[in-house]
Amino acid sequence: QAQIYTRYKTMKNEWRSYVALGRSGIAGFGLYAKKDINMNQMVTEYVGEIIRSEVCEIREKKYAQKNKGIYMFRIDSEFVIDATMCGNMARYINHSCDPNCVTQIVNIDNTKKIVIFANRPIRAGEELTYDYQFELEDTKDKIPCLCGAPNCVKWMN
Ligand SMILES: [Zn+2]
C-alpha cells in the first residue's frame, strides 16, 4: 500500500510528460503516449467529482439538454465520477475492445481514485484506450464501437 501511494504521488507529478491530447483514430479527441510507457506503469488519473448515482442521473439529463459532452466513470453501484465540468485529459481516453490500459480503483488518503495503468508496453505515439465495460443491454440506443480491433464486438453496450 505504501508503494502504491509513492507511485501515485510520482504519477501525479509526472503524468503530463507521459500523455498528450490529439485527434483520435477512433472517435473525436483521444489521449496519446508522448513517450514509451512500461507495462503496469501508472499513466494518469481519471479526475472528477465523486457523486451518487441518483445525482448522476439528474446531471446526465441536464447536460444532455445543454448538448454538453458527458464524461462519467462509474466506480461502483453507488458512486460515479463526473468529469464533465472538472475533469482532466483522462476523460478523452477512448474505449477499445483490445485496450492497452486498464483502470483500477486505489485508495489514497481514504479517497477512491481511478488510476489508469498500462496493461502492456506502450510505444510513444500510440493512442491510449481501456475497456469501458458498459453493461450489455438490449436497447435501441446502441452505441457503435469504432475501435478497429480484430476482436471488436461492434457495440459498446
Ligand atoms: Zn471495439
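Scroll up a little and you will see the structure.
A quick note: this is a predicted structure, and the numbers were derived from the prediction, not measured.

1. Remarks on the side chain of asparagine 100
Consideration 1: The topology assignment puts asparagine 100 in the loop between strand E7 (94-95) and strand E8 (101-108).
Consideration 2: For asparagine 100, a relative accessible area of 2% translates into the label buried.
Consideration 3: At 2.9 Å, the side chain of asparagine 100 forms a polar contact with the backbone oxygen of glutamate 127.
Consideration 4: Among the polar contacts made by the side chain of asparagine 100, one reaches the main-chain amide nitrogen of threonine 129 at a distance of 2.9 Å.
Consideration 5: In contact with asparagine 100, not counting residues within four places along its chain, are Phe117, Ala118, Asn119, Arg120, Ile122, Glu126, Glu127, Leu128 and Thr129.

2. Some thoughts on the sheet that holds strand E3 (residues 42-46)
Consideration 1: Ordered by their spatial adjacency, three strands build an open sheet running E3-E9-E8, and the pairing between neighbours is antiparallel. A single partner strand is all that each edge strand has here, and the edge strands are E3 and E8. For this sheet, the mean angle separating the axes of adjacent strands, direction not counted, is 35°.
Consideration 2: Bridging between E3 and strand E9 (residues 111-118) involves four bridges; their strand directions are antiparallel. The residue of E9 that forms the bridge with tyrosine 46 is isoleucine 114.
Consideration 3: Of the strands in this sheet, E3, E8 and E9 are in contact with helix H1 (residues 2-14), which crosses E3 at around 80°.

3. Some details on the packing of aromatic side chains
Consideration 1: A full pass over the atoms with the stated rule returns six aromatic pairs.
Consideration 2: Between tyrosine 71 and tyrosine 92, the aromatic rings sit 5.6 Å apart at their centres with planes inclined by 70°, giving edge-to-face as the arrangement. Taken together, the residues span a long stretch of sequence, with tyrosine 71 in the loop between helix H2 (53-65) and strand E5 (72-74) and tyrosine 92 in the loop between strand E6 (79-82) and E7 at a distance of 21 residues.
Consideration 3: Accessibility expressed as a relative area gives 23% for tyrosine 71, which makes it partly exposed.
Consideration 4: A ring pair is formed by tyrosine 130 and tyrosine 132, whose centres lie 5.2 Å apart and whose planes are at 45°; its orientation type is tilted.
Consideration 5: For tyrosine 130, a relative accessible area of 5% translates into the label buried.
Consideration 6: Residue tyrosine 132 is classed as partly exposed on the basis of its relative accessible area, which comes to 25%.

4. Structural notes on H2
Consideration 1: Given a rise of 1.5 Å per residue, 13 residues ought to cover 18 Å, and the 19 Å separating the end C-alpha atoms of H2 matches this to within 8%.
Consideration 2: Those residues of H2 not exposed but buried are Ser53, Cys56, Arg59 and Tyr63. Burial along H2 is one-sided: seen end-on, the buried residues are contained in an arc of 110°. Turned more than 90 degrees from where H2 packs its buried face, Ile58, Lys61 and Gln65 sit exposed.
Consideration 3: Looking at the buried positions of H2, the neighbouring elements they touch are strand E4 (49-52), E5 and E6.

Conventions adopted
Within every chain, residues take consecutive numbers counted from 1 along the sequence as written. A pLDDT threshold of at least 70 governs which residues receive local features in this predicted model, and a stricter bar of 80 or more applies before side-chain atom pairs are shown or counted, although totals over entire chains, interfaces and linings include all residues. To obtain the side-chain values, all non-hydrogen atoms of the structure were included, while hydrogens and water were left out. Each helix corresponds to a stretch of at least 4 residues labelled H or I by DSSP, and each strand to a stretch of at least 2 residues labelled E; elements are numbered beginning at the N terminus. Three labels apply to residues, based on accessible area from a 1.4 Å probe with only protein chains included: buried if under 20% of the type maximum, exposed if over 50%, partly exposed otherwise in between. Under this definition, polar contacts are N or O atom pairs within 3.5 Å; protein pairs additionally need one hydrogen-donor-capable and one acceptor-capable atom, and for neighbouring residues in sequence, both atoms have to be side-chain atoms. The criterion used for residue contact is that any of the two residues' heavy atoms lie within 4.5 Å. At least two DSSP bridges between two strands are required for those strands to pair. Between N-to-C directions, angles span 0 to 180 degrees; the directions come from axes that are lines fitted to C-alpha atoms, helices contributing only their stretch in contact. Only centres within 6.5 Å qualify two rings of Phe, Tyr or Trp (six-membered ring in Trp) as a pair; their planes then separate them into stacked at under 30 degrees, edge-to-face at over 60, and tilted for everything else. A helix's residues, less one, multiplied by 1.5 Å, set its expected span. It is the directions from the helix axis to the C-beta atoms that the arc portrays.

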